[in-house]
Amino acid sequence: MKIYTNSVDIEWYKQRLIMMVFIVMAAFAILVIRLFYLQVIEGEEFRRLSENNCIRLQSIDAPRGLIFDRHSEMLVDNRPAFDLSIIPKDTSNLNQTLETLSACIQVPPEELMAEIKKYKGDLSYKPILLKKDIGRDLLAAVEVHKYSLPGVFVDIKPLRHYIHKESAAHLLGYMGEASAREIGGLQYPEVRSGDYIGKFGVEKIYENVLRGKRGGRQVEVNATGQVVRVIDTVDAIPGHNVILTLDLPLQRKAEELLKDKVGAVVAMDPTNGEILAMANSPSFDQNIFVDGLTTKEWQDLLSNPHKPMVNKVTQGEYPPASTYKIVTAIAGLEEGVIDENTEFYCPGFYKYGDRIFQCWRKGGHGHVSVVKAISMSCDVFFYQVGQKLGIEKLAWYAKGCGLGLPTGINLDREAEGLVPTISWKRQRFGQPWHSGETLSIAIGQGYNLATPVQMVALIAAVANDGVRFKPTVLKSVITAGGKQVSSGEHKITGRLPVSKEVLDIVKKGLWEAVNTTSGTAWIVHLKTIEVCGKTGTAQLVSRKASDEGIGSDDPRHLQPHAWFVAFAPYEEPKIAISVIVEHGEHGSSAAGPIARELIKQYLLNEG
Amino acid sequence: MFDRRLIEYFDWVLLGVTLLLGLMGMGILYSAVAAGEIIPNRVLFIKQLIWFGAGLVLMFFSFLINYKNLDRWGIWLYIASIALLASVLVFGKLVGGSQRWLVLGPVTMQPSEIAKLAVIIFLAKYYAKYSNINGMSLRELIKPFLIVLIPFMLIVKQPDLGTAMLIVLIAASMTIFVRIERRTLISIMSVCIVTIPLIWFLLKGYQKQRILTFLNPDRDPLGAGYHIIQSKIAIGSGMITGKGFLKGTQNVLSFLPEQHTDFILSVLAEEWGFVGTGLIVLIYLLLIVWGLNIAHGCREPFGVILSVGITSMLFWQVFINIAMVMGLMPVVGVPLPLISYGGSSVITTIISIGILININMRRFMVD
C-alpha cells in the first residue's frame, strides 16, 4: 500500500470523485435543456418543416460504366431514355389530366388508368411510371403541354446501348431486372427492386464495378407538384469504366468468318493470357434485353437448337479430337514410352485384341515418328502410344495440361470439360474400364470433352515454353474521369508437365503440320508468318459403327465437328487461337482457314 | 480458489443498464435501417446483434481474470495497439477518404478503438504510481504526454479527428482527476491558448468546413450544413411523444445522414419524442454516475483511476455524440456507445463496462 500511493490516500480520491459527479450532472443538464428546447419549445416549427407534403426525394440514377476494347474503342455506352411518370395526388383532376396526356402521347386514357390502378391502396406521393422510353417526339409534345399536366413529369434515365450489335454479345453479356434473391443478398448491397443489373458476361462479373452509386435530390414542391426549390442534391457517382483485352477489329473479323456457321473462336495472347477475341455463332442482339423482352422472345432464344445464348467458348464442351494428340505426344515422350526417333508402321488400321481401330487415312501413313505423326495426325501412331501409357497416365498429363478443370477465366458458369479415368467411369456408369477405350482417348475421342478456351490455353502454353497463363478479359478499370482504378492481372497458373526438349519436338510437329505439304493443315500456311497448329475432327458417330466411312452425304447433324488450334509466329508467338465449327466436317477445311485469316489480320494488319 | 464474494459483489445494475441500452439500440437500429432502402437492412441488424453477443461473451470470460493484471499487461497492450495503428496506415482499408479499418479475414476492426482503452490502462498504471496530494508536476507529465501523443498522431493521420480528440479528452480528464500542480496547470493552459489557433491551419478542408458550418449552419444549407439542419429537424419534429416506432419521416426519406451510425439519436428523437430521448439520456447518466460510484467503492489507486478513465471515455462519447446531433457541437465522427451501429465500438464499450464490473467484483481484495 505504501509503495503504491505515496502520500495519496483513498479518501483524497473520493473527494475528487464527488466533484466529478457534479461536472457530469451539469453537462447532462445542458443536453436535456437543449433537447427540451428543440422538441418542446421549437417542436411545432420543426414538425411543420418535416411534414413530407412539400419535400420530395427524387432519385438520380448513376450512369453505368462504359465498356471499351483494348484500343479504347467504345463497345457499350448509355443513351438517355425518357420515362413518363405521374403523382396522382398532385393532379387536381386525375381524369382530366389523363385525357390531356393521352391526346399528347396517343395512348388511350383507359390504359394509363390501368397503370395507376395497379398501385391502388397506396395512392401516395410516390411517382407511378406510366410509359417507359417515350422517345423525343412524344417528349416534345408532353413538354409543350406541361402546364395543363399537373402531377405529370418526365424522368431522364440512362439506358444501356450496345454499339456493335451482336458483336461479342456473349462476352459483354446483358442486363435484366434484379430478382428478389439478388435484391436481399450480400452480393449487390445497393440494388433495389426494379433495378437492372448484369445477368451474364462482363456486365454480370463486373456489376459492382460498373454500377456506380445512386444519388438523390431533395426538392420542395408546390401544390401542383412542380419543383419550386431544390433543397439539396447528392450527386450520383458514375460507375467505373471497364477496358477489356478484346481487340475489336479481330473480334469483328472472327464473327464475319463464323457467319452462317455454328461454332466459336477464341484468340489469346500466349505471353499473358489476355483474350483478344471471343466470337460465337449464332449470336444475339443484347439491345433487346434493354427494354425487357417478352416471354416468347426469350423462349425462342432458349429453344434455338444452335443455342445462341450459350457462350460456346467457355461453356461448349466438345470431344477435342486430334488436337488432343498434343497431350498424348507430351505424355509419351515425357514417360519415355517413345522418343523422338521411335517409329511405328501405319497400314491404315491398328489391330488391338479382336478389334480393328481405323486410321483416318485409309491407305495408312507408312513408317512415322512422333513429329510426322503430329503433322499428319496419324491415329495408328497415337493408338500405340496411348496403349503403352495406359489411361491413368494419360489422364494425369491431360489434367496437367489444363483439361478437365476450369481455366479460371473471369466469366461466369465456365464448363470444366472431362478427362475420363478408371474411377470416373466406375462412378459414372458403374462399369470397369476397357483397355480398348484408352486407344480412343489417346486420339481425343471417347469420353473426352474440352472447351475452346481450355484448348486455347493449352496451345498458348505450348507456344509460351510451357508457362500457363490464366485467360483474362480485363485490361483495366478506370473512373469516369479516366483515372486508373486497377489493372487486370496476368496470372501464371502453372507449367505444362513437360521439359523444354520434349516441347520442342511437339512444336516441330505442329510446325510441320502447317508448313509442309504433307501436313494436315497445309491449307493454313502463310508466306510471311510461320504458323504452328493442329487440326481435329471430332467424330459424332463412333468410327466402329460406321466402318463404311463417313461420307459428305451423311445428314448435317451427324457431320463431325471441326477443330483447329494454332499459334503464330513460331518464334516469339503473339497469338494463340482455337476454333471450333460444329458439323464443319474437317478441321483443316472448315476451321483452319478461319484461324489463318485471323492470324493474318492480327499480325499483318490485313483483312 | 474461487471466492464466493465475487458473485456477491457482482454489479447487476451495470449489466442491466448495458443490456437495456443494447435492447433499445436494437429497436432504433431496426427503425433506422428498415427505412433506408439503400442499405441491406436485415444484414446490418443481424451483424449488430452478433457483435453485441460477442461482446457479452468476451465480457463474461474477462470476469475470470483479475483486473489488476491489466497493471502488468498495460505496456504490452499499449505497444500492440500502436503496432495496429501503424499497420492500419499501411494495410488499412480506405473508406470515404480515410484509412481506419483493418481487415483480418472476415473481421474488420478499428484499431483506434483498442488504442483508446490501451491509453486508459497505461495512464492509470502511471498515475497510480506517481500521483500525490500536490498534483503532478510538469516533469511528471512528460511521460503521459508522450503516451497520448503517439496514438494521437497516428489516428490524426488516418484521419479520424473525432477519435483523436476523444483520446486527448479522456487523458485530460484522468490527469485533472489526479490533480495538476497549480503552476503547471497555468503554464499548460497558456500554451494551449496560443497553440489552438495554429491547429486551424493543420485541419483538412472538410474539417474546417464542419467547424465553420457549426458556427453558422445557414452558411451552406445545401452542402455541409445539411447534416445539422436535417438532424435538428428530425429531433425537433419528434416533439413530446414522438411520431411512433417506424413512423419517422425524415428517417424514411433517407434524408438523415449516417442514420444508423453517428446520427442514430436523431432517429430515436424523431420517433420517441422528448419522453423517450430524455429517458435514454437519463439511462446514460445513470451509467456514468454508476461508473464513478464504482471508483468510489474501490480501495486501491489503480482501480480508482482505471474506472475514472473508463467512465470518462463513456461520458465524452455520450456527451459529444448527443451534443453533435442536436447542433451544439461541430460534426465529429463519434458513435453513441451501445446504440450506434458498428462492431468495434460496441465490443470496446461492452469490454470497458466489463472492466468496471470486474473492478467492483474484486473491491474486497485489498492486499
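Residues numbered from 1 in each chain as written. Chains lettered and ligands numbered in written order. Predicted model: local features only at pLDDT ≥ 70, side-chain atom pairs only at ≥ 80, totals over all residues. Heavy atoms only, no water.

**A look at the overall build of chain B**
Logical step 1: When helices and strands are counted, chain B shows 14 helices and 3 strands.
Logical step 2: Relative to its 367 residues, chain B shows a buried fraction of 54%.
Logical step 3: In the structure as shown, chain B presents an accessible area of about 15,700 Å², 71% of it carried by carbon and sulfur atoms. (Helix = DSSP H or I, 4+ residues; strand = E, 2+ residues; numbered from the N terminus. Buried < 20%, exposed > 50% of the residue type's maximum accessible area, 1.4 Å probe, protein only. Areas by Shrake-Rupley, 256 points an atom, 1.4 Å probe, with all protein chains shown as cover.)

**Here we look at the sheet that holds strand S23 (residues 575–581) of chain A**
Residue and element names in this part refer to chain A.
Logical step 1: Judged by pairing direction, the sheet is antiparallel, and its 5 strands sit side by side in the order S12-S11-S23-S22-S21 without closing on themselves. A strand with exactly one partner marks an edge of an open sheet, and here the two such strands are strand S12 (275–281) and strand S21 (532–538). The mean inter-strand angle of the sheet, taken between neighbouring strand axes irrespective of direction, is 5°.
Logical step 2: In this sheet, strand S22 (residues 561–568) lies alongside S21 in antiparallel orientation, the contact comprising 7 bridges. For threonine 537, the partnering residue across the bridge sits in S22 and is alanine 562.
Logical step 3: Docked against the sheet, helix H11 (residues 248–258) engages strand S11 (263–268), S12 and S23, running at close to 25° with respect to S12.
Logical step 4: Contacts from helix H21 (residues 452–463) reach S11, S22 and S23, with the element oriented near 150° to S23. (Pairing = 2+ DSSP bridges. Axes fitted to C-alpha atoms, helices over the stretch in contact; angles between N-to-C directions. Contact = heavy atoms within 4.5 Å.)

**Some details on the packing of aromatic side chains**
Logical step 1: A complete count under the given rule lists 31 aromatic pairs over all chains for this structure.
Logical step 2: Between phenylalanine 381 of chain A and phenylalanine 382 of chain A, the ring centres sit 5.2 Å apart and the planes meet at 75°, which makes this aromatic pair edge-to-face. Accessibility classification places phenylalanine 381 of chain A together with phenylalanine 382 of chain A in one group, the buried group.
Logical step 3: For the ring pair phenylalanine 10 of chain B and phenylalanine 63 of chain B, a centre distance of 5.4 Å and an interplane angle of 80° mean the geometry is edge-to-face. Taken as a pair, phenylalanine 10 of chain B in the loop between helix H1 (5–8) and helix H2 (12–35) and phenylalanine 63 of chain B in the loop between helix H3 (41–62) and helix H4 (69–91) lie far apart in primary sequence, 53 residues in all.
Logical step 4: Clustering of aromatic rings is evident, with ring pairs tying together Tyr174, Phe200, Phe284, Phe289 and Trp298 of chain A.
Logical step 5: A cation over an aromatic ring shows up here: arginine 428 of chain A above the ring of phenylalanine 429 of chain A, its NZ or CZ 4.8 Å from the ring centre. (Phe/Tyr/Trp six-rings, centres within 6.5 Å; stacked < 30°, edge-to-face > 60°. Lys NZ or Arg CZ within 6 Å of the ring centre and 35° of its normal.)

**Considerations on the side chain of serine 102 of chain A**
Logical step 1: Note that serine 102 of chain A resides in helix H4 (residues 94–105).
Logical step 2: Dropping the residues within four chain positions of it, serine 102 of chain A is found in contact with Val107, Pro108, Pro109 and Leu112 of chain A.

**Some words on the confidence of the model for chain A**
If pLDDT is low for a region, its predicted coordinates should not be looked at in detail.
Residues and elements named next belong to chain A.
Logical step 1: With 90% of its residues at a pLDDT of 70 or more, chain A shows a mean pLDDT of 86.
Logical step 2: Every residue in residues 1–6 is under pLDDT 50, and counting partners more than four places away or in other chains gives 9 contacts.
Logical step 3: Counting contacts from residues 542–553, a segment whose pLDDT is below 50, to residues more than four positions away or on other chains yields 14 contacts. (pLDDT = per-residue confidence, 0-100.)

**A word on the pattern of salt bridges**
Here the idea is simple: oppositely charged side chains can pair when their charged atoms come close.
All names here are of chain A.
Logical step 1: All chains considered together, the criterion is met by 22 salt bridges over all chains.
Logical step 2: Arginine 79 serves as the salt-bridge partner of aspartate 133, at 3.0 Å between the closest nitrogen and oxygen. Within this pair, whereas aspartate 133 is found in the loop between strand S4 (128–131) and helix H6 (135–144), its partner arginine 79 is found in strand S3 (residues 74–86), the two being separated by 54 residues in sequence.
Logical step 3: Given the relative accessible area of 22%, aspartate 133 is considered partly exposed. (Salt bridge = Lys/Arg side-chain N within 4 Å of Asp/Glu carboxyl O.)

**Brief notes about the packing of helix H12 (residues 264–297) of chain B against helix H13 (residues 301–325) of chain B**
All names here are of chain B.
Logical step 1: H13 packs onto H12 with a crossing angle of 165° between their chain directions and a minimal axis gap of 9 Å. Between H12 and H13, the interaxial angle falls into the category roughly antiparallel. When you trace H12 past H13, the crossing you get is left-handed. Side by side, H12 and H13 meet where Leu265, Ser266, Val281, Tyr284, Leu287, Ile288, Gly291, Leu292, Ile294 and Ala295 of the first sit next to Val304, Ser307, Val308, Thr311, Leu314, Phe315, Val318, Asn321, Ile322 and Val325 of the second.
Logical step 2: Broken down by class, the residue content of the contact of H12 with H13 amounts to 15 nonpolar, 5 polar and no charged. (Parallel < 35°, antiparallel > 145°, perpendicular 65-115°, else oblique. Left-handed = near helix turned anticlockwise from the far one by under 90°. Nonpolar A, V, L, I, M, F, W, Y, C, P; charged D, E, K, R; others polar.)

**Here we look at the nonpolar core**
Logical step 1: Ranked by size, the top nonpolar core spans 113 residues in total, and within it Phe28 of chain A together with Tyr127, Phe177, Tyr284, Ile305, Leu306 and Ile357 of chain B carry the most contacts.
Logical step 2: Once residues lying within four places of it in the same chain are set aside, the contact partners of phenylalanine 28 of chain A are Val281, Tyr284, Leu285, Ile288, Phe315 and Val318 of chain B.
Logical step 3: Residues Ile330, Val370, Val385 and Leu439 of chain A belong to the second largest nonpolar core, which totals 94 residues. (Core = buried A, V, L, I, M, F, W, Y, C linked by side-chain atoms within 4.5 Å.)

**Focus on the side chain of histidine 164 of chain A**
Logical step 1: Along the chain, the position of histidine 164 of chain A falls in the loop between strand S5 (152–162) and helix H7 (169–172).
Logical step 2: In this structure, histidine 164 of chain A is in contact with Met74, Leu75, Leu248 and Arg252 of chain A, ignoring residues within four places of it in sequence.

**Quick look at the pairing of strand S10 (residues 241–244) of chain A**
Residue and element names in this part refer to chain A.
Logical step 1: Of the two faces of S10, both are covered, the one formed by Asn241 and Ile243 as well as the one formed by Val242 and Leu244.
Logical step 2: In the sheet, strand S2 (residues 67–68) pairs with S10 via 2 bridges, with the strands oriented parallel. Bridge assignment links phenylalanine 68 to a residue of S10, and that residue is isoleucine 243.

**Some remarks on helix H7 (residues 161–178) of chain B**
Logical step 1: Helix length check: H7 of chain B, at 18 residues, gives a terminal C-alpha distance of 26 Å against a target of 26 Å (1.5 Å per residue), a fit within 8%.
Logical step 2: If you check which residues of H7 of chain B are buried, you get Gly162, Thr163, Ala164, Leu166, Ile167, Ile170, Ala171, Ser173, Met174, Thr175, Phe177 and Val178 of chain B.
Logical step 3: Against helix H2 (10–41) of chain A together with helix H5 (111–130), helix H6 (138–156) and H13 of chain B lie the buried residues of H7 of chain B.
Logical step 4: One or two residues past the end of H7 of chain B sits arginine 179 of chain B, with phi positive at roughly 80°. (Expected span 1.5 Å × (residues − 1).)

**Looking at the pairing of S3 of chain A**
Residues and elements named next belong to chain A.
Logical step 1: Pairing analysis gives 2 bridges linking S2 to S3, with the strands arranged antiparallel. Along S3, the bridge assignment pairs isoleucine 67 with valine 76.
Logical step 2: Here S2 hands over to S3 after 5 residues, with serine 72 in that stretch at a positive phi of 65°.
Logical step 3: The pairing of S3 with S5 spans 11 bridges and is antiparallel. Along S5, the bridge assignment pairs serine 85 with phenylalanine 153.

**Observations regarding unusual backbone geometry**
Note: most peptide bonds trans; most residues except glycine with negative phi.
Residue and element names in this part refer to chain A.
Logical step 1: Following serine 281, the chain continues to proline 282 via a peptide bond in cis, the omega torsion being -5°.
Logical step 2: Of note, proline 282 is situated in the loop between S12 and helix H12 (287–290).
Logical step 3: Although it is not a glycine, aspartate 260 sits at a positive phi angle of roughly 65°.
Logical step 4: Residue placement: aspartate 260 occurs in the loop between H11 and S11.
Logical step 5: For aspartate 260, a relative accessible area of 76% puts it in the exposed group.

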